[in-house]
Every structure is written in C-alpha cells, then in structure tokens.
Amino acid sequence: MATDTCLPADVELVLFDMAGTTVDDDVDGMPLVIAAFRATFKAYDGSEVSLDNANAVRGYEKKEALRRLLCSQRGLAEGTADEAEVDSLFAIFKVELDKLTANMKKEIAGTTETFSILREHGIRICVGSGFPAKVVESIVEAMGWTVDCAFSSEALGAGRPDPVMVKAAMEKCSISDSRKVVKVGDTVVDIEEGKNGGAWTVAVLTGTQSREKLAAASPDCIIESVADLPKLFQWPKL
C-alpha cells in the first residue's frame with residue numbers, strides 16, 4: 001500500500017473507472033467484462049476466448065476490445081478485422097452484458113467512504129467506463145452513489161486511452177486546469193487515458209492487471225484500492 005503523499009492539496013476533480021476500480025464485478029470468479037467477452041464469442045461462433053486474451057484488452061472501449069479480440073482469435077494483423085463482424089459481435093456483447101450486469105450491486109470496499117472524504121474536501125466526483133451508457137447508468141443506480149456525472153466513452157464517441165472522458169468531466173465540472181484532476185483506474189489504458197488528458201494518475205490493484213504491468217505505464221501512484229486514495233493527498237493536518 002502506498003503511504004507517501006503524491007497528490008496536491010488543490011485537486012478539484014477525481015474521475016474513477018468503474019469495473020475493477022469502484023465496482024466489484026466478479027462473475028463466477030472472473031471480471032464482468034471478461035465473462036461478457038467470452039460469452040459473446042461463444043454465442044457468435046462457439047469459439048473459446050482465453051482468460052489471458054480477454055484480460056489483455058480490458059479497459060479499451062468495448063467495440064475496440066472486440067475488434068482486437070477478433071484479430072487475436074483469427075490470427076489477423078491488428079486493425080484488419082471485418083467491421084461487419086465487429087458490429088455483430090458488439091450487438092451480441094450488449095445482450096450478454098445486460099444479462100450479467102443485472103446482479104452488479106457490490107462496490108469495491110471503501111468506495112463510498114472515499115467519495116465522502118473527497119467531498120468533505122470540496123472535490124467533485126465522476127465515474128466513467130467503456131460500457132454502454134445504459135449499463136453505466138444502471139450500475140451507478142444499483143450502487144446508490146451520488147456522483148457529479150457518469151460517463152460512457154462509447155456514448156462520447158472515443159474509447160480509452162483517448163482522454164474524452166477526462167475532458168468531458170472537466171467541462172461538466174467547470175475545471176480548466178488538468179493538473180487539478182486525478183484519474184483512478186485498474187488498467188494500463190486508464191493510466192494512459194489520464195496521462196493523455198494531462199491529469200494525475202493513480203493505479204489500483206483490485207483489477208486483474210499486475211503491479212508490474214501497471215507500473216510499466218508510470219502512474220503517479222499505485223495503491224491497493226480506492227480505500228487508500230485519501231492518504232495520497234497533501235492536505236493540511238487538522
């Protein structure tokens with residue numbers, strides 16, 4: 001667990017990833033999105049997607065993740081997948097995801113408490129995901145969270161590591177200085193998204209990507225979970 005402060009006291013906004021970061025997305029021993037990817041290909045052509053291959057595309061906008069998986073499954077060069085097949089896969093994915101998200105009602109331990117502490121310090125809270133907007137909204141409602149805004153990168157038209165959600169959160173919260181923004185997530189593309197948006201970046205170890213893999217992306221901090229986030233701020237002692 002990180003103990004050194006690495007975030008300035010004047011942060012005004014934190015953008016949190018959802019699945020694996022703030023949402024406990026375990027489905028029969030595997031993360032929600034991995035279960036959905038595997039169910040999608042099984043329904044589409046009966047093929048089996050390995051856990052490693054599915055984990056490798058975690059964090060990407062979901063159509064892009066399916067595009068990459070299709071190339072991997074077929075032995076195709078990256079970016080050469082048939083777009084009609086990708087569209088078919090995405091349609092199936094949304095159906096499978098809806099089935100699996102019906103019981104998503106458990107947050108990562110400490111999430112609500114962390115939100116509360118941040119609010120006490122005047123920090124705005126947003127959440128974002130590569131899931132479709134309907135799924136994002138249903139999960140936020142199921143968790144009972146009060147957030148300033150919830151974003152779907154799919155709805156915004158660009159997937160991570162594009163910083164579209166960082167920029168949308170800043171606009172929504174009327175913040176112009178990206179160095180007053182923190183992005184928190186459990187994947188490499190979360191870190192890349194934050195860096196591309198000019199924000200501070202914090203990686204959490206509650207997802208499936210290892211400390212070594214996350215460290216290679218050079219986040220500003222790595223912590224065990226969102227419960228440890230408040231310890232990183234250089235707030236004056238009361």
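Given the structure is predicted, the values throughout are model-derived calculations rather than measurements. (Residues numbered from 1 in each chain as written. Predicted model: local features only at pLDDT ≥ 70, side-chain atom pairs only at ≥ 80, totals over all residues. Heavy atoms only, no water.)

### Section: helix H6 (residues 133-143)
Within the sequence span of H6, burial applies to Val135, Val136, Ile139, Val140 and Met143. Looking down the long axis of H6, one finds its buried residues gathered within 130° of arc, a one-sided arrangement. Within H6, the exposed residues directed more than 90 degrees away from the buried face are Lys134, Glu137 and Glu141. Taken together, the buried residues of H6 touch helix H4 (83-101), strand S4 (124-129) and strand S5 (149-152). Gly144, located one to two residues past H6, shows a positive phi value of around 75°. (Buried < 20%, exposed > 50% of the residue type's maximum accessible area, 1.4 Å probe, protein only. Helix = DSSP H or I, 4+ residues; strand = E, 2+ residues; numbered from the N terminus. Arc of directions from axis to C-beta. Contact = heavy atoms within 4.5 Å.)

### Section: the domain arrangement of the protein chain
As a measure of interface size, the accessible area lost when the parts come together is often cited. Each assigned domain of the protein chain is listed with its residue range as follows: domain 1 (13-25 + 106-231) and domain 2 (27-102). Centre-to-centre separation of domain 1 and domain 2, based on C-alpha positions: 22 Å. At the boundary of domain 1 with domain 2, total buried surface from both sides reaches about 1500 Å², with 56% on carbon and sulfur atoms. If you sort the residues of domain 1 by the area they bury against domain 2, Asp25, Phe131 and Thr208 come out on top, with a joint share of 34%. Where domain 1 packs against domain 2, one counts three salt bridges. Asp25 is the salt-bridge partner of Arg58, the closest N and O atoms lying 3.8 Å from each other. Counting the contacts that link domain 1 with domain 2 gives seven residue pairs in polar contact (both at pLDDT 80 or more). Classifying every residue of the side of domain 1 that touches domain 2 by side-chain character gives six nonpolar, eight polar and five charged. (Domains from an automatic or database assignment. Buried area = accessible area lost by both parts, 1.4 Å probe. Salt bridge = Lys/Arg side-chain N within 4 Å of Asp/Glu carboxyl O. Polar contact = N/O pair within 3.5 Å; in protein donor to acceptor, adjacent residues only side chain to side chain. Nonpolar A, V, L, I, M, F, W, Y, C, P; charged D, E, K, R; others polar.)

### A closer look at the sheet that holds S4
The six strands are arranged S5-S4-S1-S6-S7-S8 in an open sheet whose pairing can be described as parallel. Only two strands of the sheet have a single partner each, and these edge strands are S5 and strand S8 (221-223). Sheet twist, expressed as the mean angle between neighbouring strand axes with direction ignored, is 20°. Most of the contacts of helix H8 (residues 164-172) go to S5, to which it runs at about 155°, and overall it touches strand S1 (13-17), S4, S5 and strand S6 (181-185). (Pairing = 2+ DSSP bridges. Axes fitted to C-alpha atoms, helices over the stretch in contact; angles between N-to-C directions.)

### Description of unusual backbone geometry
Here the bond from Arg160 into Pro161 is cis, since omega is 15°, no more than 30 degrees from zero. Secondary-structure assignment places Pro161 in the loop between helix H7 (153-156) and H8. Even without being a glycine, Ser174 presents a positive backbone phi close to 55°. Within the secondary structure layout, Ser174 lies in the loop between H8 and S6. A positive phi angle, near 60°, is found at Ser218, a position not held by glycine. Topologically, Ser218 is positioned in the loop between helix H10 (211-215) and S8. Ser218 gets classed as partly exposed once you look at its relative accessible area, which sits at 43%.

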